[in-house]
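Survey of secondary and tertiary structure
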Amino acid sequence: MTTEVPPPAGKGIIPVGRTAIESYRFVFINLDRFLALGWAPMMAIVATNAVILAIMGAGPESMEFSLARFVAIKLISLPSYAMYVLFAVRWHRFYLLEERHGVFTEVIAVRNWRFLGYVLLLTLAPGVPNLIFGPSGWPIVLVLYFIFLRFSLVLPSAAVDRPLGLGEAWRNMRGYIVPYFAVFILISIPAGIVSGIVSMVVFSGMSAGGYEVAFERAVVHSGITAIFTFLFTAAGITGLSTFYRHIIGMDAPGKGGPTTVP
């Protein structure tokens, strides 16, 4: 399969709809690379979710928020976070540099640790109001997530070993945050629709059967949604990388252009 990476568009307007469509198209025409890089992270997420369900339960009470439950889930999820980072870094490098290393190549590279730090910052910091105010803090959380999106260029820049500072990433996204947010939402819509359909199919008629049935169906649901979640993740990474190439330029990651690694 071909990579078909489009040339950098240069400064100017980024077509929102086309970028979202092309992001998914890039993933589907490179399913071989997606599966090669994603199989282990997807299995890690399914295993992690099974452990969480076994410990926390699969019933309605498992949805109740508590600080202890939140911390426990995050600690259990650390291996899946690590696997996500390996996948994300490799997909950024595949798109931006046409690099074809396996997902476990250079596992302890500095870029992976830097990327993990940025992921934790951008995903966990906006959720702090939930810890302080509980579920009532969700409006603040949504606003913070939108604000933190403006730092998103730190992720592809870290993945290609040309890290940007938070301030530099913020300045470079000036004028692009609304289009990027729109692309992010458009990419999210198919994932949300598929997730909703899968949930209805898997959990239909679950009132009978007790905890064992609930647990089994929750694990099946986790496995199915992991696949679609990673498709969405790969498309999202592609969209973000498109903005990176457009704003920073392809000469930024590697002087001399893309490189292909056997």
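Keep in mind that this is a model prediction, so the values were computed, not measured. (Residues numbered from 1 in each chain as written. Predicted model: local features only at pLDDT ≥ 70, side-chain atom pairs only at ≥ 80, totals over all residues. Heavy atoms only, no water.)

A word on the overall build of the protein chain. In terms of helices and strands, the protein chain carries 11 helices and zero strands. In the protein chain, the succession of helices and strands from N to C terminus is α-α-α-α-α-α-α-α-α-α-α. Looking at the 262 residues of the protein chain, the share that counts as buried comes to 42%. Look at the contacts in the protein chain between residues 6 or more apart in sequence, and 75% of them connect residues 24 or more apart. Summing over all exposed atoms, the protein chain offers an accessible surface of approximately 13200 Å²; the carbon and sulfur share of this is 71%. (Helix = DSSP H or I, 4+ residues; strand = E, 2+ residues; numbered from the N terminus. Buried < 20%, exposed > 50% of the residue type's maximum accessible area, 1.4 Å probe, protein only. Contact = heavy atoms within 4.5 Å. Areas by Shrake-Rupley, 256 points an atom, 1.4 Å probe, with all protein chains shown as cover.)

What the rule picks out here adds up to seven salt bridges. For Arg25, the salt bridge identified is with Glu22, shortest N-O distance 3.4 Å. With Arg25 and Glu22 both in helix H1 (residues 16–28) and three residues apart, this pair spans about one turn of that helix. Between Asp161 and Arg111 there is a salt bridge, with the nearest N and O atoms lying 2.9 Å from each other. Of this pair, Asp161 sits in the loop between helix H8 (154–159) and helix H9 (166–172) while Arg111 is found in helix H5 (residues 110–124), placing the two residues 50 residues apart along the sequence. Assessed through its relative accessible area of 8%, Arg111 is described here as buried. (Salt bridge = Lys/Arg side-chain N within 4 Å of Asp/Glu carboxyl O.)

In this section: the environment of Leu120. With respect to the helices, strands and loops of the structure, Leu120 is situated in helix H5. Along the chain, Leu120 and Tyr81 lie 39 residues apart, while their C-alpha atoms are 9.0 Å from each other. Excluding anything up to four places from it in sequence, Leu120 contacts Tyr81 and Ala125.

Turning to the environment of Val160, a few remarks are in order. Relative to the helices and strands, Val160 is located in the loop between H8 and H9. Taking the C-alpha atoms as reference, Val160 lies 6.1 Å from Arg93; in sequence the two are 67 residues apart.

Another point: the nonpolar core. With 54 residues, the main nonpolar core has Phe34, Phe87, Trp91, Phe115, Leu153 and Leu155 as its most contacted residues. Taken together, the elements giving at least two residues each to this core come down to H1, helix H2 (31–56), helix H4 (78–97), H5, H8, helix H10 (177–203) and helix H11 (210–247). Residue contributions to this core peak at 11 residues, all from H4. Those residues within four positions of Phe115 in sequence are excluded, and the remaining contacts are Tyr84, Val85, Ala88, Val89, His92, Leu155, Ala158 and Ala159. (Core = buried A, V, L, I, M, F, W, Y, C linked by side-chain atoms within 4.5 Å.)

Turning to the packing of aromatic side chains, a few remarks are in order. Tallied over the full model, the rule gives 14 aromatic pairs. Taking 5.9 Å as the distance between ring centres and 80° as the angle between the ring planes, the aromatic pair formed by Phe26 and Trp91 counts as edge-to-face. Residue Phe26 is located in helix H1, and its partner Trp91 is located in helix H4; the two are separated by 65 residues in the primary sequence. Of the two residues, Phe26 and Trp91, both sit in the buried class. An aromatic cluster of at least three residues, connected via ring pairs, comprises Phe26, Phe34, Phe87, Trp91, Phe94, Tyr95 and Phe230. Lying over the aromatic face of Phe94, Arg33 brings its terminal NZ or CZ to 5.8 Å of the ring centre. (Phe/Tyr/Trp six-rings, centres within 6.5 Å; stacked < 30°, edge-to-face > 60°. Lys NZ or Arg CZ within 6 Å of the ring centre and 35° of its normal.)

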